[in-house]
Amino acid sequence: MKTKIGILVIGLVVLTGCDLLKEKPEGFIAPANFYKTQGDAIAAVNAVYDVVSSQGVYNNCMWWVTDMSTDDVMAGIGVNNLSILQIDQYTHGPLNNRLDLLWQTTFDGINRANQVIDRVPGISMDVTLQNRILGEAKFLRALFYFNLVRLFGDVPLLTTETASLADDLKVSRTPAASVYTQIIQDLTEAEQALPATMTSDDLGRATQGAAKALLAKVHLTMKNWSLAAAKAKEVIDNAGAYNYGLWTNYSDAFLTVNKYGKESVFSAQFASGIQEGSLMMAYTIPRNTIIGTGYSSFVPTTDILNSYEPGDDRKVATYFSTFSKAGKTITFSPAIYKYFDPAAVNTLDASNNYPIIRYADVLLMYAEAQNELGQTADAYTYVNQIRTRAKLPPLANLSQTDFRDALMNERRWELCFEGHRWFDLVRTGTLVSTLRAKGNANIQDFHVLYPVPQRDIDVNPNLNPQNNGY
Amino acid sequence: MKKSLPIVNAVLTIMKITLLQIILSVGVSGMAIASAGLTFGQGILDNVLSINAENKKLGGILEEIEGSAQVKFTFNPKTIPLDQELSVNFQNTTLKEILDSLLQPLSVNYEVSGSYVILRKLAEGEKAGLSAAIRKTYPPVIVVSGTVKDEKDQTLPGASILEKGTLNGVSTDASGKFSIGILDEKSVLVFSFIGYESQEVLVADKTEFTITLQPDVKKLEEVVVVGYGAVKKSDLTGSVSSISEDKIKLTPITSMGQALQGRAAGVQVTQTSFQPGGGVTIRIRGGNSIQGGNEPLYVIDGYPTYNESGPSLNPNDIASIEILKDASATSIYGARGANGVVLITTKRGKAGQSNITFETYQGVQQVRREIPLLNATEFAGLVNEANVNAGKAPVYTDAQVAGFGKGTNWQHEVLRSAPIRNYQLNFSGGSENTRYSISGNYFAQDGIITNSNFNRASFRINLDQKINSKFKIGNNLTLTRTKSNDVLNGVGETTSAGVISSALQFSPILPVYNPDGTYVFQNDRGTIIGNPVATAREITNQTTAVRVLGNVFGEYELTKGLVFRVNLGVNTQMNSTDFYAPRTTLRASAQQGLATITDTRTMEWLNENTVTYTKTIAEKHNLNLLAGYTMQGADSRVVTASAQQFSNDVVQFNDLGSASVANFPTSAVTDWGLASYLARVNYNFSEKYLVTLTTRADGSSRFGAGNKYGFFPSGSVAWRLSEEQFIKNLEVFDDLKLRGSYGVTGNQEIGQYQSLSALGSSGYVFNNKKAVGYQSVRIANPDLRWETTNQLDIGVDMELLRSRVTVTADYYYKKTNDLLLNVTLPWTSGYASALQNLGSVENKGFELAINSYNTVGAFKWNTALNFSLNRNKVLDLGGVNQIFSGQGLAKIVNSGVLQVGTPLNNFFGLVTNGIFQTGDNIAGSAQPNALPGDRRYVDVNGDGAITDADRTILGNAQPKFIGGLTNNFSYKGVELIIFLQGSYGNNIFNANRLWLENVAGSNNNSTAVLNRWTPTNPSNEIPRATASAAGGANFVISRAIENGSYLRAKVITLSYSLQPGVLKTLRLKNAKIYISGQNLFTITHYTGYDPEVSVFGQDNLSMGTDYGTYPSTKTYLMGINIGL
């Protein structure tokens, strides 16, 4: 009897002991099973795009640092995050949680892009597609680094993925010039690898035109006027092949039906009803009872509202101050209308894309570069395409300096609330003087860069020294 | 079945038979037994029966006779040849004839006593005829009878009566009566009952007895349940607190966790929410862990399960709770023992008793206090003042302000008096071989917030069956269904804001309803919150949980003292949460109706195989050995489906398909496994010097590939000084024991798959369609393992003054190493953190429990006191000096900080330093832009500016000490119980205050702001009103950190038990009626709803935060307990 029971016990132990302790993940994919097929390669690069539309980048954080921080936007009644108010008022510091999230998410995106760049070459798949995917990853890595280097200056340059805890994670900051070199290299490679257009279910991916346009913007920022002009011109000259052009009416550019249309060069993509919607609508529309949830957080300043030339069609298309639905009408202080999606499932889940580069921007970039190169005459052609569409008289007979100022205004009216204003003011060296002139008492010279998040400096002291002034 | 056998131990065992033999004999021999016309008593031998067996062992035959002839054989199994195989065939033969022919050849004599037949092996040479022996017992004997009662004068069924020096015995019947035939008047009767002192009475010439047994005050023979077994209390070497059923039943409780509050030293229980069915958080000897779980392991009737403090276990079923605290006691649970272990034993049937009890109470709950808020006129004044101070126009005209009056009291609108009721019916009892306890429970509690409620229906069946002297089987099975509707408890300043935070902040100027009868939709000042009445009433958030928890066990005695036990268990839980928010609420107005269904299914199993061996060598060396192998595993699945835009609010979550927009469904699957080896040696020499050695090796699926098995040994010694002559000579101590233990335990509560690298899914839009992406979300850590806690415990147990005073005191020191810590990684790596084993935390403390019988006799007064203090300190954080921690609230990102050298649960923020007054040197201060009336902060780092860097530790959520005091007074049937409980030295972060004192006019404020600063009222407490966009909480400020100390009358109960005479008339065994009040008074300086609060529940790093928490209640109850 004892022996029998003994055998039974041992049997139980042997039978069940082996497998019980193994971890058998069923609800997620482990890296060992991934990066094997063409589908994996596509999914891997899709994950990099995911960062573009995340709250850490173009679905929240970038709005504050690029527009709220300027004379275009002020914090409305709905702002309940102190960090946003700090950015609005230039009292932000290294503990600012919006900067924190922006830094974190952008580096997450860079790591995801690095995963693609490291792993996808090892997958045996269609070579053209493989090159395109690598081109997309490099385009996105360049976009992320371009944002970082403009916002924070010297940042750690990482071009391979973080593979294990044994890697050296305490990286140092790379001089901005080297970061720019990498950005230009990535965009140059992307420009080669990416196709002229995307079709059907690939609509929204980075194209050759997007790479060239972004490269133009990089050169413009670096004041490489001729390179900037050349790249912008390549885009303009290939407008036919790339399907680029201006819509007849300014407002057409923001209709959700036109999101894949001729004016979109590269955008953060959103769609309503599939949990991939944009939050911008709720943040821009007023507190109300008939449109839906409105935060009234991202509010146009009186300064920009008063800055328009009479008759500017863009002012009508950009703002609204009354709304009617089901027989009820409400009126309110002017709010931004660019991101209004009447068909949205709800106001926090709208379909509007957030434009990163519009074709109008390319025309203005080219005009700016040409003016700086002394080719003001040529520049009029392009800036006036924009003005004509806005139903304004063309510009003529301006000095180079006056043209420069007129162009800045044109950029402001044309591209407001699209994440350009702060960058434009900084690269033209006018941020501090402009805001100070408009009554911002807190702004200091060092505010042309944001502080590196304290959290990362605490974890990695190699990120010291902090940016000047913080 | 009233014929249990209270005879001496040697003959308690009935037959030497095994299950296998029974099966074989029934199956093979085809034995048949029939009987008819039974009589009892002395004529038992004339009973006629039939029995037919071939090659069957004597033991089996005797058992068959027992079964059909209603007799009971008693004998010493060592002397009776039970294994002798016999063939018999009797048809309608008297028992006497059968026994004669069966036993005579075996030289076995027999005697009859009552329904017992006593067998005796004849001595060598003793060949006396059987008939002579029978004749000896046959002559009429003296029959004596009587009643056995307990100290409360209630009858004792199942007490045993034995004629001293013989095997002649009976037990009392259901009404405590007995009748026994004895040899002569010189006989001595021994009356005994478990838990009572035995009494010996000389029969003399009396024939009628009323015996009152006194409880055995010496509790040393009490048995204490420990992991995988039970030991005599006197043999315990570890630190274990016991909570008995009568203590548990003192207070009507909804969940097991509440039963622990204030009852045991070293156990801190905090009710995290007063929502019906709400949970508690429990810390045994402080928190060890930062990232891993800190809740103890629960073992319910041998089934280990984590986080069992909730309401799914019916507390009325609990017979006792044991709390294992030191390493000696907990290391038998290895990698799950570091946070302490709570052993729960549910009620089982007792042999010889048949009890039916019915218990019920009905009560009403009310909010303990309301927070005083501004009325409409006062609020309108604040709004205007705030706007004017901010350079804006006033919002309301003076006439409007005056006309608003009191406005809406939103707390009144959402709070109510709510009923609570409980019904418990229990059947228990059993015979020597079969014991049962069957119970049913229904408990229903409405919450004091409109539309919140909880109810539980449960059944329990606990059975024990002794199949033969070697083989026992049994089971525990409980089926529970709970259903609750929880109101939103959110702390956001958004659409998900909870009912209470909304009720506190909503403008009192607005009414509940518009003139057209619809709800006023949302707050019309700055803070975005929905109508709290609509949020409470219109949103459905109901959870239905069905649970099956059960195990079956078998015990087989292989040879004397060696017992093999198998335990198989299952724990299945199915939860569904149905949520619907209609368009009339802010929560779902944008979605035009939002429905979500979440289904969770968990299947867990257990197999434990243990062997115990008990032996006494040379009467001095007492040895108990335990060894075992156990396995436990689980898989669970969660599925969520959600839809929005319903055409109306009729079908809600019952037809998601009728919505126009379907949200993406989600699902997840997890599983885990644990395989363990355990062993324990208990040795004592003369019950004076005691040693326990314990170890467990735990293999867990949660650990990394390189670290699957952890080894957790402990050792303890105890010295019972009271057994030494020199202590005995003092005549002070009835018991005195010194204990010491040291050992290692682990904590594995880190969730599943944390050692593996993982890819997460993400989505992006191409061509308006969702495209799926995969990215790495976690770095692998193959070295991941358990947290290790080393604990030293030194304790003393003593009993003084004839056991009237019992004292237990313990000192402990715990150090936890290899903390499971989400070590912060630089974000530049692409990852926020990685779970690693780094850092350490220490806890040290002192515990004292005193129990005293102040008066005995007719008026009884008993006092029980427990006191504990714990000091906790972070020793190492994996190389960094501090980590911001604690949950954020609106604009506050982290409310706490972990710092080396300080305890866990620090509150972190700015120190307020009064208010800037007119004439102060503001320009020269650290806040040069401030105006008179603005709040002033301390420039901690002295850099001349108030920044994030000036944040400092403002307080800590951990108490300096906690305690409980129960006084129990009784006189005749009247009993008064006063249970006080308290906590001293802890801080509470009252985050409500950040909003209720924000003087921004964006939301309602507390009446404290009536004292706000104005040029004519230079307050130093509340700043001037100003409607800045930054209004509200930006930092944790010291003003929001409050003293959380309290002392409260947790329970006061007055009861009356009916006296025996009345009971007899009513034919009841016992009956008690009582009234009881819970939280009747509380002494505290805390200004929130209740100092017992933790809005973030069991979050280790966010204890003691109050924001929008469900308010606490005062409860008044009336109840009745009846025993049949």
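Residues numbered from 1 in each chain as written. Chains lettered and ligands numbered in written order. Predicted model: local features only at pLDDT ≥ 70, side-chain atom pairs only at ≥ 80, totals over all residues. Heavy atoms only, no water.

A word on the interface of chain A and chain B
Many analyses report the size of an interface as the accessible area lost when the parts associate. The test is simple: We call two residues in contact when some of their heavy atoms are within 4.5 Å. Note: buried area is the sum, over both parts, of the accessible area (probe 1.4 Å) each one loses when the two are combined. Any Lys or Arg side-chain nitrogen located within 4 Å of an Asp or Glu carboxyl oxygen qualifies as a salt bridge. What qualifies as a polar contact is a pair of N or O atoms within 3.5 Å, subject to a donor-acceptor requirement within protein and to the restriction that residues adjacent in sequence count only when both atoms come from side chains. Strands are runs of DSSP state E lasting at least two residues, helices are runs of H or I lasting at least four, and both sets are numbered from the N terminus onward. Polarity classes work like this: nonpolar for Ala, Val, Leu, Ile, Met, Phe, Trp, Tyr, Cys and Pro, charged for Asp, Glu, Lys and Arg, and polar for all others, with Gly in that last group.
Listed by partner, the interface residues are 82 residues for chain A and 89 residues for chain B. Here chain A and chain B share an interface that buries about 7200 Å² over both sides, 63% of which is from carbon and sulfur atoms. It is A:Leu21, A:Glu23 and A:Leu165 that lose the most area in chain A upon contact with chain B, and together they represent 10% of the buried surface on that side. Linking chain A to chain B there are 2 salt bridges. Residues B:Lys769 and A:Asp201 are paired through a salt bridge, measuring 2.8 Å at the closest nitrogen-oxygen approach. There are 19 residue pairs in polar contact (both at pLDDT 80 or more) connecting chain A and chain B. With 9 residues, the top contributor of residues to the side of chain A that touches chain B is helix H5 (residues 97-119) of chain A. By residue class, the composition of the side of chain A that touches chain B is 41 nonpolar, 23 polar and 18 charged.

A closer look at the sheet that holds strand E50 (residues 952-956) of chain B
Residues and elements named next belong to chain B. Note the following rule: Two strands pair under a simple rule: DSSP has to find at least two bridges between them. Between the N-to-C directions of two axes lies an angle of 0 to 180 degrees, each axis being a line fitted to C-alpha atoms and, for a helix, fitted only over the stretch in contact.
Across the sheet, which stays open at both edges, the 4 strands sit in the order E45-E46-E47-E50 with antiparallel pairing between neighbours. Looking along the sheet, the strands with just one partner apiece sit at the ends: strand E45 (882-885) and E50. The mean angle between the axes of side-by-side strands here comes to 40°, regardless of whether they run parallel or antiparallel. Across 2 bridges, strand E46 (residues 896-899) lies against strand E47 (residues 906-909) in antiparallel orientation. Of the residues in E47, the one forming a bridge with Gly896 is Phe907.

Considering the domain arrangement of chain A
Residues and elements named next belong to chain A. Our working rule: As annotated, the domain borders come from an automatic or database domain assignment.
Taken domain by domain, chain A comprises domain 1 (1-194 + 429-464) and domain 2 (278-352). Distance between the C-alpha centres of domain 1 and domain 2: 31 Å. Contacts between domain 1 and domain 2 engage 17 residues on the former and 14 residues on the latter. Each partner contributes to the roughly 1300 Å² buried at the junction of domain 1 and domain 2, and carbon and sulfur atoms together form 63% of this total. For domain 1, the biggest contributors to the area lost against domain 2 are Trp63, Asp72 and Met74; these three give 37% of the whole. Joining domain 1 to domain 2, the criterion identifies 1 salt bridge. Across the pair Asp303 and Lys438 runs a salt bridge whose closest N-O atoms are separated by 2.8 Å. Seen at the junction of domain 1 and domain 2, the total is 6 residue pairs in polar contact (both at pLDDT 80 or more). Sorting the residues of the side of domain 1 that touches domain 2 by element identifies helix H3 (61-68) and strand E1 (73-75) as the ones contributing at least two each. With 4 residues, H3 is the largest single contributor of residues to the side of domain 1 that touches domain 2.

Regarding the packing of aromatic side chains
All names here are of chain A. What counts is decided by this rule: Put simply, two rings from Phe, Tyr or Trp (the six-membered ring, in Trp's case) pair if the centres are within 6.5 Å, and we call them stacked under 30 degrees between planes, edge-to-face over 60, tilted for the rest. Partly exposed describes any residue whose relative accessible area lies between the buried limit of under 20% and the exposed limit of over 50%, with all areas from a 1.4 Å probe on protein chains only and scaled to the type maximum. Cation placement over rings: the criterion is NZ of Lys or CZ of Arg within 6 Å of the ring centroid and within 35° of the ring normal.
A complete count under the given rule lists 56 aromatic pairs over all chains for this structure. Arranged with centres 5.1 Å apart and planes meeting at 80°, the rings of Tyr283 and Tyr295 form a pair that is edge-to-face. Note that Tyr283 is positioned in helix H11 (residues 280-284) and Tyr295 in the loop between H11 and strand E3 (298-300), a separation of 12 residues in sequence. For the pair Tyr283 and Tyr295, one class covers both residues: buried. Where Tyr337 meets Phe340, the ring centres are 5.1 Å apart and the plane angle is 15°; that geometry is what we call stacked. Given a relative accessible area of 8%, Phe340 falls into the buried group. Through a chain of ring-to-ring contacts, the aromatic side chains of Trp63, Trp64, Tyr283, Tyr295, Phe298, Tyr308, Tyr319, Trp413 and Phe417 assemble into a single cluster. Here Arg150 stacks its cationic end above the ring of Phe423, 3.6 Å away from the centre of that ring.

Considering the side chain of B:Thr1105
For B:Thr1105, the location among the structural elements is in strand E58 (residues 1105-1106). Once residues lying within four places of it in the same chain are set aside, the contact partners of B:Thr1105 are B:Leu889, B:Phe907, B:Phe989, B:Val1093, B:Ser1094, B:Val1095 and B:Phe1096.

Looking at the pattern of salt bridges
A pair can form between side chains of opposite charge whenever their charged atoms are brought close. All names here are of chain A. Under the defined criterion, the tally for this structure stands at 79 salt bridges over all chains. Between Glu309 and Arg387 there is a salt bridge, with the nearest N and O atoms lying 2.8 Å from each other. One end of the pair, Glu309, is in the loop between helix H12 (302-305) and helix H13 (313-318); the other, Arg387, is in helix H15 (residues 376-389), with 78 residues separating them in the sequence. Salt bridges sharing common partners tie together Glu263, Glu309, Asp312, Arg314, Lys338, Arg358, Arg387, Arg389, Glu410, Glu414 and Glu418.

Let's talk about the nonpolar core
Definition in use: Put simply, a nonpolar core is a bunch of buried Ala, Val, Leu, Ile, Met, Phe, Trp, Tyr and Cys residues held in one set by side-chain atoms that sit within 4.5 Å of each other.
Counting 138 residues, the largest nonpolar core has A:Phe139, A:Ile183, A:Tyr359 and A:Val362 as the members making the most contacts within it. Discounting residues that sit within four places of it in the chain, A:Phe139 has contacts with A:Leu187, A:Ala190, A:Leu194, A:Ala206, A:Ala210, A:Ala211, A:Leu214 and A:Phe266.

Topic: a nonpolar patch on the surface
Residues and elements named next belong to chain B. Filter applied, for reference: Nonpolar side chains (Val, Leu, Ile, Met, Phe, Trp, Tyr) within 5 Å and like charges within 9 Å form the patches, drawn only from residues with over 30% relative accessible area and no salt bridge. Only the protein chains shown count as cover for residues, and the accessible areas themselves come from Shrake-Rupley with a 1.4 Å probe.
A grouping of Phe358, Tyr423, Leu425, Phe427, Ile438, Tyr442, Ile461 and Leu463 is seen on the molecular surface, where their side chains present a nonpolar patch of about 590 Å² in accessible area. Put simply, the parts of the chain that give the nonpolar patch at least two residues each are strand E24 (418-430), strand E25 (434-446) and strand E26 (453-466). Examining the composition of the nonpolar patch, we find that 3 residues originate from one element, E24, more than from any other. Of note, Leu425 is situated in strand E24.

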